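Examination of the molecular architecture
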Amino acid sequence: MTRSLESYRDLFPVLREQLYLNHAGVAPTSLRAAEAVRGWMEDIVHHGIKHERGWEAHCERVRGLAARLINAEPGEIAFVRNTSHGLGLVAEGLDWKPGDEVVVASSLEYPSNVYPWLHLKDRGVTVREIQTPEGGVTPEAVAAALTPSTRLVAVSSVQFATGYRTDLDAVGALCERAGVLFCVDGIQSVGCIPVDVKKSRVHFLSADSHKWMLGIAGIGFLYVAKDVLPRLRPVLVGWRSTTDAWNFNRSHFELRPDAGKLEEGSAAYTGIYALGAALELLHEVGVDAISTRIRELLGQLETGLRGLGCDVGPAPEHRAGILTFLPPEGEARALGAWLAGREVALSVRRGRVRLSPHFYNLPEEMDRLVELVRTHRG
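Residues numbered from 1 in each chain as written. Predicted model: local features only at pLDDT ≥ 70, side-chain atom pairs only at ≥ 80, totals over all residues. Heavy atoms only, no water.

In this section: the pattern of salt bridges. A complete count under the given rule lists 23 salt bridges for this structure. The partner of Glu-302 in a salt bridge is Arg-306, and the shortest N-O contact between them spans 3.0 Å. On the criterion of helical spacing, the pair formed by Glu-302 and Arg-306 is a turn pair, its members being four residues apart in helix α8 (residues 287-307). Of the residues examined, Glu-302 reaches a relative accessible area of 13% and is grouped as buried. Of the residues examined, Arg-306 reaches a relative accessible area of 42% and is grouped as partly exposed. Ionic pairing is found between Glu-302 and Arg-319, a salt bridge with its closest N-O pair at 3.0 Å. Here Glu-302, found in helix α8, pairs with Arg-319, found in the loop between β9 (311-313) and β10 (323-326); they are 17 residues apart in sequence, far enough to count as distant. With respect to class, Glu-302 is no different from Arg-319; both count as buried. Through salt bridges with shared partners, a single ionic network connects Arg-3, Arg-32 and Glu-284. (Salt bridge = Lys/Arg side-chain N within 4 Å of Asp/Glu carboxyl O. Helix = DSSP H or I, 4+ residues; strand = E, 2+ residues; numbered from the N terminus. Buried < 20%, exposed > 50% of the residue type's maximum accessible area, 1.4 Å probe, protein only.)

Here is the structure:
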């Protein structure tokens, strides 16, 4: 018997306290993730290193879960601290030449997908701007920004402030035709909508787990396509980067052939255990079901907010998990603060209220949000 989405609400006690519509910011994690961390902590408290091999085996299972979520292979996945860490490994690890160009929507993107590329200025790399008049990255805008010197295109799968969803399939095909690398900040899509790095021809994707994956801050993963792995030089190396990692009695410096070469030292077991529980939950529910529920909830919000005269975006065809709106009086920050004072978790980004529900939110909660906005307007 298929389990109802509502039945998962008990895993998220925060819902007893708040109307939680801020998964694009920091999501609440689940009781399952907390229990996974507690279980590992109890193990090391009572048994020390005795079960280390089991911890390592579990990490490999989690690597496999991460790979399956985006249609990758386990050997293409490296654990990272956060999205910035993963994107930084890409930016610093490629063999740039003076005159190379990176194409990115600098004025629109979250800083995680801007600063690593700007940091390459002292290596002679230029950042070219993708024009984004619609609040998102379109294939046409990417094509217009490309030059013969373009080496890499860096985009977010979903823009954090506007909620505009990038057509990764179209941009990936464009990059393939142009012979340039394609790097994706995936934090606003992984766990929210289906992501297929092979279908979209993505070379690199980085995302950490504290948003739509329902994990915790400080752990995420970087995907590196196996055909470009040899081109990515590890910024840091250590014992775990090598092929004979667990032999501490000799120096044998041979880098692993897979993405594990990017993991230089001891694993972040607490974070990986939490991530594993979070990924298991996402797989159990199913990303297609998650995406469908979120789309329905956002459609309900759009109808209700438009009925109050609010300006709502992005359009459904460009939407993933985020809806933004501006009340008729234009006071988004004041409205956001008022709603937060009534236990609504949301964000205000670039002058608009940003709402981002997840699969366990209820239709009646969307009605409650609309009613609160109506009440605020008087």
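Take the domain arrangement of the chain next. When the parts come together, some accessible area is lost, and that loss is often what is quoted as the size of the interface. Here the chain is described as being made up of domain 1 (5-29 + 286-375) and domain 2 (33-284). Placing a centre on the C-alpha atoms of domain 1 and another on those of domain 2 gives a separation of 27 Å. Contact residues are listed per partner, giving 32 residues for domain 1 and 28 residues for domain 2. Of the roughly 2400 Å² buried where domain 1 meets domain 2, counting both sides, 60% is carbon and sulfur surface. (Domains from an automatic or database assignment. Contact = heavy atoms within 4.5 Å. Buried area = accessible area lost by both parts, 1.4 Å probe.)

Before going further, it helps to spend a moment on a nonpolar patch on the surface. A contiguous nonpolar patch, built from Met-41, Ile-44 and Val-45 and spanning about 250 Å² of accessible area, is present on the exposed surface. Note on placement: Val-45 falls in helix α1 (residues 31-47). Judged by relative accessible area, Val-45 falls into the exposed class, the value being 57%. (Patch = residues over 30% accessible without salt bridge, like charges linked within 9 Å, V, L, I, M, F, W, Y side chains within 5 Å. Areas by Shrake-Rupley, 256 points an atom, 1.4 Å probe, with all protein chains shown as cover.)

On to the UniProt feature "domain: Aminotransferase class V" (unreviewed entry) in the chain. UniProt tags residues 45-348 as "domain: Aminotransferase class V" (unreviewed entry). Here residues 45-348 is 33% helix and 15% strand, with 42 Å between the C-alpha atoms at its ends. (UniProt positions renumbered as here; feature names shortened; annotations may be inferred.)

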